[in-house]
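Residue-level listing of the chains:
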Amino acid sequence: MSHPALSEQTAPWRDPSRTDAERAADLLGRMTLEEKVAQLASIWLGNQPRDSSVAPMQGDFGAAEAPLAELIKNGLGQLTRVFGTRPVPPGDAARTLAELQAQIVAANRFGIPAVAHEECLTGFAAWTATIFPTPLAWGATFDPGLVGEMAAAIGTSMAGVGIHQGLAPVLDVTRDRRWGRTEETIGEDPYLVGLVGTAYVRGLQSAGIQATLKHFAGYSASRAGRNMAPVAIGPREFADVILVPFEMALRIGGAKSVMPSYVDVDGVPVSGDRTLLTGLLRDQLGFDGLVVSDYYAITFLQTQHAVASTPAQAAALALDAGLDVELPSVACYGAALVTAVREGEVPQELVDRAAVRVLRQKCELGLLDPGWSPSADVSAAVIDLDPPAHRGLARRLAEESVVLLANPDASLPVRPDASIAVVGPLANDPLAFFGCYSMPRHLGGRYAEAIEGPDATTLLDALRTELPAAQISYEAGCAVRGTDRSGFAHAAVHAEEADVVVAVLGDEAGLFGRGTSGEGCDVTDLRLPGVQEDLLRVLVGTGKPVVLVLVTGRPYAIGPLSGRLAAAVQAFFPGEEGGGAIAGVLSGRVVPSGRLPVEMPSSPGAQPSSYLRSRLAGKHPGSSVDPTPLFAFGHGLSYTSFEYADLALTPGEIPTDGAVEITCTVRNTGDRAGDEVVQLYLSDPVAQLVRPVRWLAGFARVPLEPGQARQVTFRLHADRTAFSGRSGARIVEPGEIRVAIGGASDQLPLQGSFLLTGPERPTGADRVLDTPATIQ
């Protein structure tokens, strides 16, 4: 008779030459119910809040957990944020993680380690790690390739210290800018969000870190822009706007994990919605990876949505829907679930289905391979999470993301020997450029040392470095929040004595009301926070040229004062290199090339609104409200100029399953090298349903030397014109499609059209999702 331990060592699940599915199925068959359920659970050590929460209603979950030995005796699915819960030196955190994994492996009879996950939206959310620009800044770059490089760098840092899964990217399409999490979105166009988000997924997973798509789906459409509020959305908007980025990241990017959103859609909580998480995500879109809950979302089925009366009922709803792992700690997928299964209230098949997905993920990650050890995941004894190469990437992203909004009198670049009054609450704040998921903003309210992250130069100091011959004075004027105007008089004096004023205004990122932008920091309108608009009015009233620099997590309405500004610049939380990037644009060292991923409104109250508007959603004589934006989607100026010519569409007529090549020439007609973002838009002049006036179908960032011309070719498949028709099915409809190319959605000098011929054609989940662009 063979020895049991020897038999287990030679079991099929130990054999890496077998498929992941075979190995996971074999291991599942050897496990008890308690061991299977343990694989669906997680633990979050040290998560008790001090003065502030980092997850919704975290204080409601502050009860002391059982001893670690009790929690892991049957195994464990995931470890939550060993690096991101406190500001811990990276080496210490890596050792802690390795020790925890060793305990987990030793505690369960199969020696199965846990998956370690962390946040990674603006970089690895660990102490001293590089803080990259926020996702809205990624969108402003219109540079998926560079975003992919950033994600690969983030993944390399995470993989080097034993992390396996990252909770990013956010693929929610911006729908209402009042929503605090607008800063976490990539933009308001589904194609831009999808292409940039897919690049992030590919980059992160190229380093061995599994990406997690969030928040599936509809989160950003919550009523009145309130976090976690109900969503009421039509099926066509849901399919044609909300879902598109997720489809792209799954099919093109190969994303391994998905996180459902907190909201209910038409009364059904997503975390308990089988139609969405199984019928749509798996059956229609073909996803075969892992679905993990947002933090506490399964418990919220009971405590917030009130669709379950007990933790076991909440677990049953979530499991049946297709939610595999409970994060961040066990509340429903634990003893209550085991009891419910044993009593016949929950089918064991649901537990088996989720557990085998967890085991398959662990096979994919190499965690079940012979020879794996906790220390093998840590690649270096001395851990530098902010190396020069990562800072270089952060600098490039920040520089590409800065948007020059207006420069009517060529006040920028600033004269090198000018007298400059730098005014505003963000001008001398080292945290000004960080989003809410950076550690200083995420944990600064709980741990003072969290703000001591990577070095970040303030805009004031960066300007002094950038313009050494300039005379630069500084006055805060006011705080980001609050009503204190006592600094206005001093600010006005500084302005009156200067040649030019640089007003640095905007947001303070935070969580759950501890900031003006970020998760749980929603607003009722789009006025600048606090009394900053009043400060700007005082500065403009001095008669001196005022250059407005907005450092924000959402677009704000500056319409009443925009015509009195000498220039305006927008930066969406540009990360640790943001000060130098903005100063470089102001000095002229950097030729601005960022483009707005969300339009900037004229009125603070014109919400919700989107550039994807139909005719009657725009200005018309039947309404007294004009939603025309101050600056359109895709807008951004440069220190050089560009000219478009030679539009060609080949062929001019294609079948409804064909493709057309759309070509143009773009030339730099100025005296500075610069990047132009060539944008391709489509319009459907007559359709069976109301459609947007135009939508983004392709884009390319084109670097050009002075006088240089390059040809850009877009290969557009007919599928890129598809929409959800009257039956609800997505179709390609025959007829004329109009084409427009230019540098912004409202600056489109090249106009043409092609004809789709033949029968109306249904398209499915396998349709063409992208528009490749080539530059010659």
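Owing to the predicted nature of the structure, the values given are computational and were not obtained by experimental measurement.

1. Topic: the layout of surface pockets
In this structure, the largest pocket occupies an estimated 980 Å³ of space. The wall of the largest pocket is formed by 38 residues, among which Glu237, Asp240, Val241, Leu612 and Pro692 lie closest to the centre. At the level of elements, helix H8 (190–206), helix H9 (235–242), helix H10 (244–251), strand S20 (695–704) and strand S22 (723–724) are the ones that each hand at least two residues to the lining of the largest pocket. Residue composition of the lining of the largest pocket, grouped by class: 19 nonpolar, six polar and 13 charged. Contributing to the lining of the second largest pocket are 26 residues, with Pro235, Phe238, Ala239, Leu243 and Leu280 lying nearest its centre. Where the lining of the second largest pocket is concerned, the elements lending two or more residues are H9 and helix H11 (274–284). At five residues, H11 tops the list of elements feeding residues into the lining of the second largest pocket. Residues that form the lining of the second largest pocket fall into these classes: 12 nonpolar, eight polar and six charged.

2. What about the sheet that holds strand S11 (residues 419–423)?
Strand order in the open sheet made by the six strands is S10-S15-S14-S13-S11-S12, with mixed pairing throughout. Across the chains shown, the open sheet's two edge strands, defined by having one partner strand only, are strand S10 (403–406) and strand S12 (471–475). Strand-to-strand twist of the sheet, defined as the mean angle between neighbouring strand axes without regard to direction, takes the value 20°. Summarising the sheet, S10 and strand S15 (residues 567–572) pair through three bridges and their orientation is antiparallel. Each residue of the ladder has a partner; that of Ala406, found in S15, is Ala568. Relative to the sheet, helix H20 (residues 532–541) contacts S11, strand S13 (500–506) and strand S14 (546–552), its axis offset from that of S13 by approximately 170°.

3. Points about the nonpolar core
Phe124, Tyr200, Phe216, Tyr333, Leu337, Ile420 and Ile741 are the most contacted members of the largest nonpolar core, which has 211 residues in total. Here the element with the most residues in this core is helix H15 (residues 348–364); it accounts for eight residues. Not counting chain neighbours up to four residues away, the residues in contact with Tyr200 comprise Cys120, Trp138, Val147, Met150, Ala151, Ile154, Ala168 and Pro169. Counting residues in each nonpolar core, the second largest holds 35 residues, with Leu526, Leu528, Leu536 and Met600 among its members.

4. As for helix H14 (residues 335–342)
If you check which residues of H14 are buried, you get Leu337, Val338, Ala340 and Val341. Axial view of H14: buried residues confined to an arc of 165°, hence all on one face. With respect to the buried face of H14, the exposed residues turned more than 90 degrees away are Ala335 and Arg342. For H14, the secondary structure elements touched by its buried residues are helix H3 (33–38), helix H13 (311–321) and H15.

5. A look at the packing of aromatic side chains
Within this structure, the stated rule accounts for 13 aromatic pairs. When the centroid spacing of 5.3 Å and the interplanar angle of 50° are considered together, the rings of Phe83 and Phe124 count as tilted. Of this pair, Phe83 sits in the loop between strand S2 (78–80) and helix H5 (90–107) while Phe124 sits in the loop between strand S3 (115–118) and helix H6 (135–141); the two residues are 41 residues apart in sequence, bridging distant segments of the chain. Here Phe83 matches Phe124 in class, with each residue buried.

6. As for the side chain of Glu733
For Glu733, the position within the fold is in the loop between strand S23 (730–732) and strand S24 (735–742). Here Glu733 occupies a buried position and makes no salt bridge, while the nearest side chain of opposite charge, Arg691, is found at 6.4 Å. Here the side chain of Glu733 touches Gln688 through a polar contact of 3.2 Å, side chain to side chain. Glu733 has contacts with Thr656, Asp684, Val686, Ala687, Gln688, Phe723 and Leu756, leaving out every residue within four places of it along the chain.

7. Notes on empty space enclosed by the protein
Counted under the stated rule, the structure contains six cavities of 30 Å³ or more. If you go around the second largest cavity, you meet 13 residues; those closest to its centre are Pro601, Ser602, Ala606, Ser609 and Pro627. The residue inventory of the lining of the second largest cavity, partitioned by class, reads four nonpolar, five polar and four charged.

8. So, the side chain of Thr656
Checked against the element boundaries, Thr656 lands in the loop between strand S17 (653–655) and strand S18 (659–668). For Thr656, a relative accessible area of 4% puts it in the buried group. Of note is the side chain of Thr656, whose polar atom sits 3.0 Å from the backbone oxygen of Pro759. Leave out the neighbours within four places in its chain, and Thr656 touches Ala718, Val732, Glu733, Pro734, Leu756, Thr757, Gly758, Pro759 and Arg761.

The rules behind these values
- Residues numbered from 1 in each chain as written.
- Predicted model: local features only at pLDDT ≥ 70, side-chain atom pairs only at ≥ 80, totals over all residues.
- Heavy atoms only, no water.
- 1 Å grid on protein atoms, 1.4 Å probe; cavity = no way out; pocket = protein on both sides within 12 Å on 5 of 7 lines; lining within 4 Å.
- Points joined across faces, edges and corners; volume = space filled by probe spheres on them.
- Helix = DSSP H or I, 4+ residues; strand = E, 2+ residues; numbered from the N terminus.
- Nonpolar A, V, L, I, M, F, W, Y, C, P; charged D, E, K, R; others polar.
- Pairing = 2+ DSSP bridges.
- Axes fitted to C-alpha atoms, helices over the stretch in contact; angles between N-to-C directions.
- Contact = heavy atoms within 4.5 Å.
- Core = buried A, V, L, I, M, F, W, Y, C linked by side-chain atoms within 4.5 Å.
- Buried < 20%, exposed > 50% of the residue type's maximum accessible area, 1.4 Å probe, protein only.
- Arc of directions from axis to C-beta.
- Phe/Tyr/Trp six-rings, centres within 6.5 Å; stacked < 30°, edge-to-face > 60°.
- Lys, Arg positive; Asp, Glu negative; His and termini not counted.
- Salt bridge = Lys/Arg side-chain N within 4 Å of Asp/Glu carboxyl O.
- Polar contact = N/O pair within 3.5 Å; in protein donor to acceptor, adjacent residues only side chain to side chain.

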